[in-house]
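Chain by chain, the residues:
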Amino acid sequence: MTQLAERLDPFLSSLFPEETDATGLSAADRDALRTYLGEVRIGLDLVAPFLRPGQRILEIGSGIGALGHFLAGQGLDIRGIEPSGSGFDLMDRLARHVSEVAGPTGYTVADRAAEDLDPARDGPFDLIFSVHVLEHVGNLDAAFCAMEGVLKPGGKMVHLCPNYRFPYDPHFGVPLLFWSPAMTHALHARRIDAHKGIWDSLNFIGAGRLKRLARAQGLSVDFHRGVMADTFRRLNDDPVFRQRHSGLAGRVASSLTRSPLFKLVEAWPRQWASPMAVTLGKPE
């Protein structure tokens, strides 16, 4: 893990040269690229403890492909899926940029959704993972069935996503009013309608639903400890992340890290914390 983390910084710097604009991207594109690259370390932190030599790995929702290209460049057998028309208009452009700069790492991305995974065509995989993707999956029941179908016996899935048991949406930085998307949209219509495609893609998954989906497929469920506390700390350590969450909720969360009350955040029940990270295991 330490070696991977040390190798990540030079890779990310090559994708986003700070000294001069050698990317050919617009200012808006560069801002988006900076944001997406900031999430790569979060993805690496999530998946690194599960990486083993000789694995076959699947990334659900490859996004701009940065993490996949990095891991493939480290000699891992990894591929991704990313459906077209997902409501993120910049993705194709930024993914092309990342692919061109990273070079021929061997990482490939198929144009399909998790629901469309097929054991005969795609599987089997030792490890399946996703980073802030499950909340955008249109048919979670079909997706979990399909992911289980391409997972080897004894294989693992690890996912990171919001937990809407905790009534807050991180995409728009707004509280989920009475756990009601409709009421939340009514109150924050101007902010939400500016990115309506993202809002419409949300399924508002919570820990309870995730547990039911996993257990319906015979998968064990283990929620990771301390994920919400780490996210609060990130507000102090990551300037780009702090800027994205510069509203009232972000400022309150940041201030809590410097308060004795932060012990409550660290002890918060895992299944009521957001974001949530979970490991799902398939029996041998």
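The notes below deal with the structure included here.

**With respect to the side chain of Ser130**
Okay, so step 1: Secondary-structure assignment places Ser130 in strand S4 (residues 125–131).
Okay, so step 2: Residue contacts for Ser130: discarding those within four places in its chain leaves Leu46, Ile60, Val158, His159 and Leu160.

**Considerations on unusual backbone geometry**
Okay, so step 1: In this model, Gly123 is joined to Pro124 through a cis peptide bond whose omega is -5°.
Okay, so step 2: With respect to the secondary-structure elements, Pro124 resides in the loop between strand S3 (109–110) and S4.
Okay, so step 3: The linkage connecting Ser274 with the following residue, Pro275, adopts the cis geometry, with an omega of 0°.
Okay, so step 4: Unlike most non-glycine residues, Phe178 shows phi in positive territory, near 50°.
Okay, so step 5: Within the secondary structure layout, Phe178 lies in the loop between strand S7 (174–175) and helix H7 (181–187).
Okay, so step 6: Even without a glycine there, the phi angle at Phe204 is positive, about 55°.
Okay, so step 7: With respect to the helices and strands, Phe204 occurs in the loop between helix H9 (196–201) and helix H10 (207–216).

**What to know about the nonpolar core**
Okay, so step 1: Within the largest apolar cluster, 37 residues are counted, with the highest numbers of intra-cluster contacts made by Leu33, Leu37, Leu44, Leu51, Ile64, Leu71 and Phe129.
Okay, so step 2: Elements represented by at least two residues in this core include exactly helix H1 (2–15), helix H2 (27–38), helix H3 (40–47), helix H4 (66–73), helix H5 (91–102), S4 and strand S5 (151–161).
Okay, so step 3: Excluding anything up to four places from it in sequence, Phe129 contacts Val47, Ile57, Leu58, Glu59, Ile60, Leu67, Leu71, Ile78, Val158 and His159.

**As for the sheet that holds strand S9 (residues 276–281)**
Okay, so step 1: The strand order across the open sheet built from seven strands is S3-S2-S1-S4-S5-S9-S8, with neighbouring strands paired in mixed fashion. Every interior strand has two partners, whereas the edge strands, S3 and strand S8 (220–223), have only one.
Okay, so step 2: Relative to strand S2 (residues 77–81), strand S1 (residues 56–60) is paired through five bridges, and the arrangement is parallel. When the bridges of S2 are listed, Glu59 appears paired with Gly80.
Okay, so step 3: Against the sheet, H3 touches S4, S5 and S9, its axis set at about 145° to S4.
Okay, so step 4: Relative to the sheet, helix H6 (residues 140–149) contacts S1, S4, S5 and S9, its axis offset from that of S5 by approximately 140°.

Rules used in this analysis
- Residues numbered from 1 in each chain as written.
- Predicted model: local features only at pLDDT ≥ 70, side-chain atom pairs only at ≥ 80, totals over all residues.
- Heavy atoms only, no water.
- Helix = DSSP H or I, 4+ residues; strand = E, 2+ residues; numbered from the N terminus.
- Contact = heavy atoms within 4.5 Å.
- Core = buried A, V, L, I, M, F, W, Y, C linked by side-chain atoms within 4.5 Å.
- Buried < 20%, exposed > 50% of the residue type's maximum accessible area, 1.4 Å probe, protein only.
- Pairing = 2+ DSSP bridges.
- Axes fitted to C-alpha atoms, helices over the stretch in contact; angles between N-to-C directions.

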